[in-house]
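These are the residues of each chain, in order.
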Amino acid sequence: MYREPHLNKKSKECADIWNEWYEIFQDSEKRNTPKRKELRDKWCKCCDQLSEMVRQEYLTNPRYNNLKM
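Described in the following lines is the structure provided in the data block. (Residues numbered from 1 in each chain as written. Predicted model: local features only at pLDDT ≥ 70, side-chain atom pairs only at ≥ 80, totals over all residues. Heavy atoms only, no water.)

A few points about a nonpolar patch on the surface
The criterion, for reference: What goes into a patch is any residue over 30% in relative accessible area without a salt bridge, connected to like charges within 9 Å or, for nonpolar side chains (Val, Leu, Ile, Met, Phe, Trp, Tyr), within 5 Å. Note that accessible areas follow from Shrake-Rupley with a 1.4 Å probe, and for residues the cover is restricted to the protein chains shown. Only one rule defines a salt bridge in this text: a Lys or Arg side-chain nitrogen within 4 Å of an Asp or Glu carboxyl oxygen. Buried, partly exposed and exposed residues are distinguished by accessible area as a fraction of the type maximum, computed with a 1.4 Å probe on protein chains only: under 20%, between the cut-offs, and over 50%, respectively.
Together, Tyr58, Leu59 and Leu67 make up an exposed nonpolar region whose accessible area comes to about 280 Å². Leucine 59 sits in the partly exposed class, given a relative accessible area of 47%.

Looking at the side chain of glutamate 57
We apply this condition: Here a strand is any run of E in DSSP of at least two residues, a helix any run of H or I of at least four, and the numbering for each starts at the N terminus. Counted charges follow a simple rule, with Lys and Arg positive, Asp and Glu negative, and His plus the chain ends left uncounted. Between two residues, a contact is recorded if the distance between any of their heavy atoms is within 4.5 Å.
Inspection of the secondary structure assignment puts glutamate 57 in helix α2 (residues 34-60). It turns out glutamate 57 is buried and unbridged, and the closest side chain with the opposite charge, arginine 63, is 5.9 Å from it. Setting aside residues no more than four positions away along its own chain, glutamate 57 makes contact with Glu4, His6, Leu7 and Tyr64.

Brief notes about the state of the cysteines
Put simply, the rule reads: Any two cysteine sulfur atoms lying within 2.5 Å of each other are counted as a disulfide.
In this structure the tally under the stated criterion is 1 disulfide. Left without a disulfide partner, cysteine 44 is nearest to the cysteine sulfur of cysteine 47, which lies 6.7 Å away. Cysteine 14 supplies the cysteine sulfur nearest to cysteine 47, a cysteine that is in no disulfide, at a spacing of 4.5 Å. Overall, cysteine 47 belongs to the partly exposed group, its relative accessible area being 27%.

What to know about the pattern of salt bridges
Under the defined criterion, the tally for this structure stands at 6 salt bridges. A salt bridge links aspartate 41 to lysine 37, with the shortest nitrogen-to-oxygen separation between them at 3.4 Å. Separated by 4 residues within a single helix, aspartate 41 and lysine 37 lie in helix α2, roughly one turn from each other. Using a relative accessible area of 36% as the deciding quantity, one classes aspartate 41 as partly exposed. Here glutamate 52 ties to arginine 55 by a salt bridge, and the two come within 3.5 Å at their closest N and O atoms.

Structural notes on the packing of helix α1 (residues 5-26) against α2
Let me state the cut-off plainly: Axis definition: a line fit to C-alpha positions, over the contact stretch in the case of helices; interaxial angles, taken between N-to-C directions, run 0 to 180 degrees. Small angles under 35 degrees read as roughly parallel and large ones over 145 as roughly antiparallel, with 65 to 115 read as roughly perpendicular and the rest as oblique. If you view the pair so one helix is near and one far, a crossing is left-handed when the near helix is turned anticlockwise from the far one by less than a right angle, and right-handed when it is turned clockwise. Throughout this entry, Asp, Glu, Lys and Arg are counted as charged residues, while Ala, Val, Leu, Ile, Met, Phe, Trp, Tyr, Cys and Pro are counted as nonpolar. The remaining residues, Gly among them, count as polar.
Direction vectors running N to C along α1 and α2 enclose 160 degrees, while the axes themselves pass 9 Å from each other. The orientation of α1 with respect to α2, classified from their angle, is roughly antiparallel. Of the two possible hands of crossing, α1 and α2 adopt the one that is left-handed. When the residues that make up the contact of α1 with α2 are grouped by side-chain class, the tally is 14 nonpolar, 3 polar and 8 charged.

Written as structure tokens, this is what we have:
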């Protein structure tokens, strides 16, 4: 998805956490467990970190200097 390998790695990490959370969420017996909440919090933090990494890449990588938005 990204040209930069470190962004792809972080994106996969976030996706793996979400998939683990979603499996628990789908199971009605496990839906209200502390593990589900912990995974959701971990996923949110991972997404925030990925967002910051993408922002830093945009600001520091010369490839994006002439990008028009």
